[in-house]
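These are the residues of each chain, in order.
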Amino acid sequence: MEINGKDDLKSPLLQHPNDVVITVPPLNQKLNKKTRTLVFKVLGITCSSCVASIEAAVGRLDGVQSVMVSVLQGQAVVKYVPEVITAKLIKETVEDTGFEVAEFPEQDIAMCRLRIKGMACTSCSESVERALLMVDGAVVGLALGEAKIHFDPNVTNTDRIIEAVEEDAGFGADLISTGNGLNKVYLKLEGINSPDDFTIIQGALESLEGVNHVEIDLDEHKATISYEPNIVGPRSLIQCIKEADCGPNTYQATVYTPPRGGETERQHEILIYRNQFLWSCLFSVPIFVFSMVLPMLPPYGNWLDYKVINMLNLGMLLRWILCTPVQFIIGKRFYAGSYNALKRKSANMDVLVALGTNAAYFYSIYIMLKALASDSFEGQDFFETSSMLISFILLGKYLEVLAKGKTSDALAKLSELAPDTACLLTLDAEGNVISETEIDTQLIEKNDILKIVPGTKVPVDGIVIDGQSHVNESMITGEAMPVAKKPGDKVIGGTMNENGCIRVKATHIALSQIVELVEAAQLAKAPVQKLADQISKFFVPTVVLAAFVTWLGWFIPGVAGLYPRIWIPTAMDAFEFALQFGISVLVVACPCALGLATPTAVMVATGKGASLGIKTVVFDKTGTLTVGKPAVVSSVLFSEVPMEDFCIMTIAAEGNSEHPIAKAVVDHAKMLLQKHESHNDQFTEVTDFKVHPGAGVSGKIGERAILVDRYVSENECLARTCALVAIEGRAAGAFAVTDPVKPEAAVVISYLHSMGISSVMVTGDNWATATAIASQVGIQKVFAETDPLGKADKIKELQLQGTSVAMVGDGINDSPALVAADVGMAIGAGTDVAIEAADVVLMKSNLEDVVTAIDLSRKTMSRIRINYVWALGYNILGMPIAAGLLYPFTGIRLPPWLAGACMAASSISVVCSSLLLQYYKKPLRANAA
């Protein structure tokens, strides 16, 4: 023991020479290190000795917690600590044992998402991006308020990334999630009596193969577990918790759905801005009344002129008392924002607000002190300018955060599509059903066998292993026709099973792809460029320079006696006289810039379609260019069978079918009966009814055999499906069924062409149908058989050609493309997800409104330019007068209170100009024509 130390005591007395001893760290030490699971194929494994040699070689490596190699699957699962060892070294170790490694992750890349606090403008987001790019191994995709970072865990980690945001950029940062976030389960823990119970549960979970990360909330008794779905699933995790060694205690765990990330913070932010605005109004409104209203009503405002000390009157004292809390308590966020901006060597809107309000406030303090010390000085304070400006800015911020909160609802709507429960089957070795269990959808694991009965939703993506049916996939693909499913076909989570019972083998979680696509598009989409911040970058230094030059231009000549002393008012010297001109320039310029920039930024966001100069409009087909529901457009008789008998037999045969084409045929046949004045409401019952998947239905009415067969080839060129009706083996007639084109579609496409805008159609339907519809409406460019990812890719391809693209769609499958487009337009009758993902909603579901939206946005931008003329006209005139340019010639000065009146006139003119949009008329009325 003296020679070898205490470590010898831990060695087993009897040890096989080929055994490998792996040191397991203590539980508390292990829990502090984040682990990752590496899954890859190993080629050439033939026996247990191969497995033993690989496990022994990898198990010796420092930082490897566990190794599991499967002979049957030819797969290795390694759980390791990235801080200690790299994935590359694990791969090299396996190869050194003489085996070939395949399907190995090329790069050890991790992903995390951060919520950035305090970002208000594009210069803020640029600062955060610069700080993150300085972190080695980080690649950033930044959206307003959130950052998605891909990084190499061997080079950096989430703590360093958060530190970079907080210290280098000056913003707060919270970790939202790590990994892709799709393979996570949220569990509510029960049976917890002490902190030791949490340690036991966490240790049990982290020792389980396939578990990447365990996060436990001690206060809420909740656990968030990231896992590898190929290795482990949520039911296994719950079972692991139940079986954890807890002595007399029994642990239980149930799944729960956590609130959407960021919703609490958003509501808190909205509440803060609302309260700050209301508190600001509580002080600012009396100030406005004391300075602008009561002095105009002599009998009622005379008490404000009561002299307290020397020339300091009661009105000025009250305005100072009320303004100070607004300036320094309510307005402190602008000081903090200015400090962070200046620290980053940039000037944003906060700098502009702080500059303007401080100029007005401290000049008013100077006036008040002069009045306090003099018995003859008369001056005008501008406390109302400071307080009212802060109030209006806070109102703008409040309205902005209210609007911003609506952007994330699309993802919440997607999660509601999957059913709450699913029927889980347990099969024996021969494939016979042993038991059926109803489980929560969140507990479904990969390779589970699920039973889907008619009229229920498919809970997860999977493959049909037994049974036949038609599945309505319109919510995902956008196409109205149900798709026939047989063993070997794939089904999509969230779609509706129509008329058959099928068994499905689960492959992965439903809707995850579309959720990820919408989320990625939102992150990749650049935030609206706020004009206030763009102006402030150049305007702030210009205004400060102009004010300083103005002060210098009056101070130096005044001291040198270059202008008459009589120009300087009583109780003032040259310094104060010059300072008044400089302050006037600041007070005039800053509020004007803010009043101009903030509403313009909002209007630019609304009318951004025109500002981007939309050159291409991409249309979805089903539900957008077409009605979205099958209908019979023509019918014909081939035999001497009377129309009444023909319709009655068709209704009897098709009445038992759930297929949309069958329903359309039945509805049309009933309409024909009414047209031929048939009063037969009792339809003959059909016997020997059979469904022929992908072909039609058949049956017997009395002794007559009826067959309704789908005949496609001759009608597909017209985007029609022909349903043939045969009686006793002979064709008696046919119904041509199609998804009709909307009546206004062709006129809208033609009008867009006249506006210089090209039209493109993107659809998941087949090429023949897509081409037929495109030729009917006049579209030249078509992309068919395109999935949701493909639609978003087509949008990006068009954008890469230098074209600004608008997308018009209605389905869930359109949501990634709607977000990816420069302007997304959702049909009002479309799905909630599409509507939430779009920028513009066409409330009446009329395609004429596509033209209206583009034309109105152009008119709006034109009106903004006119508003610029009004606002800038006042500013161009006001700043030289405020600087005293006319004073030497006319004796006219522009004190800040008069400048405020000019700005009010400017605002009135801008509002009146904008109100002219009320007389806007739609450029296209296809239905009226």
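Here the structure is a predicted model, which is why all the values come from computation and not from measurement. (Residues numbered from 1 in each chain as written. Predicted model: local features only at pLDDT ≥ 70, side-chain atom pairs only at ≥ 80, totals over all residues. Heavy atoms only, no water.)

Draft legend 1. Up close: the overall build of the protein. Looking only at helices and strands, one finds 30 helices and 35 strands in the protein. Carbon and sulfur atoms make up 57% of the accessible area of the protein, which totals about 45200 Å². (Helix = DSSP H or I, 4+ residues; strand = E, 2+ residues; numbered from the N terminus. Areas by Shrake-Rupley, 256 points an atom, 1.4 Å probe, with all protein chains shown as cover.)

Draft legend 2. Up close: the sheet that holds strand E1 (residues 36-43). The 4 strands lie next to each other as E2-E3-E1-E4, forming an open sheet whose pairing is antiparallel. Across the chains shown, the open sheet's two edge strands, defined by having one partner strand only, are strand E2 (64-70) and strand E4 (100-102). Each strand of the sheet is rotated relative to its neighbour by a mean of 30 degrees, with strand direction disregarded. In terms of strand pairing, E2 meets strand E3 (residues 75-80) through 6 bridges, oriented antiparallel. Across the sheet, residue Val-64 finds its bridge partner in E3, namely Tyr-80. Of the strands in this sheet, E1, E2 and E3 touch helix H2 (residues 48-59), which is tilted by about 165 degrees from E2. Most of the contacts of helix H3 (residues 87-96) go to E1, to which it runs at about 25 degrees, and overall it touches E1, E2, E3 and E4. (Pairing = 2+ DSSP bridges. Axes fitted to C-alpha atoms, helices over the stretch in contact; angles between N-to-C directions. Contact = heavy atoms within 4.5 Å.)

Draft legend 3. The environment of Ile-231, seen in detail. Along the polypeptide, Ile-231 turns up in the loop between strand E11 (222-227) and helix H7 (234-242). Remark: the alpha-carbon pair of Ile-231 and Lys-446, spanning 215 residues in sequence, is separated by 8.9 Å. Excluding anything up to four places from it in sequence, Ile-231 contacts Thr-37, Val-39, Val-77, Glu-209 and Gly-210.

Draft legend 4. Main features of the pairing of strand E9 (residues 184-190). In this sheet, E11 lies alongside E9 in antiparallel orientation, the contact comprising 5 bridges. Note on E11: the bridge partner recorded for Leu-187 is Ala-223. With 4 bridges joining them, E9 and strand E12 (residues 252-255) adopt antiparallel strand pairing. Following the sheet pairing, Glu-190 is matched in E12 by Gln-252.

Draft legend 5. Main features of the environment of Pro-630. Structurally, Pro-630 is set in the loop between helix H20 (621-625) and strand E25 (631-637). Overall, the relative accessible area of 12% leaves Pro-630 in the buried class. When the C-alpha atoms of Pro-630 and Pro-660 are compared, they prove to be 6.7 Å apart, with 30 residues separating the residues in sequence. (Buried < 20%, exposed > 50% of the residue type's maximum accessible area, 1.4 Å probe, protein only.)

Draft legend 6. Broad picture of the environment of Ile-200. Along the chain, Ile-200 falls in helix H6 (residues 195-206). Taking the C-alpha atoms as reference points, Ile-200 and Ile-241, separated by 41 residues in sequence, lie 9.0 Å from one another.

Draft legend 7. Region of the structure containing a negative patch on the surface. Among the surface-exposed residues, Glu-83, Asp-159, Glu-163, Glu-166, Glu-167 and Asp-168 lie close enough to one another that they form a single negatively charged patch. Mapped onto the secondary structure, Glu-167 falls in helix H5 (residues 158-169). (Patch = residues over 30% accessible without salt bridge, like charges linked within 9 Å, V, L, I, M, F, W, Y side chains within 5 Å. Salt bridge = Lys/Arg side-chain N within 4 Å of Asp/Glu carboxyl O. Lys, Arg positive; Asp, Glu negative; His and termini not counted. Charge placed at Lys NZ, Arg CZ, Asp CG, Glu CD.)

Draft legend 8. Spatial organisation of the pairing of strand E7 (residues 146-151). The buried fraction of E7 is high, at 5 of 6 residues. The pairing of strand E5 (residues 110-117) with E7 spans 6 bridges and is classified as antiparallel. The residue of E7 that forms the bridge with Arg-115 is Glu-146.

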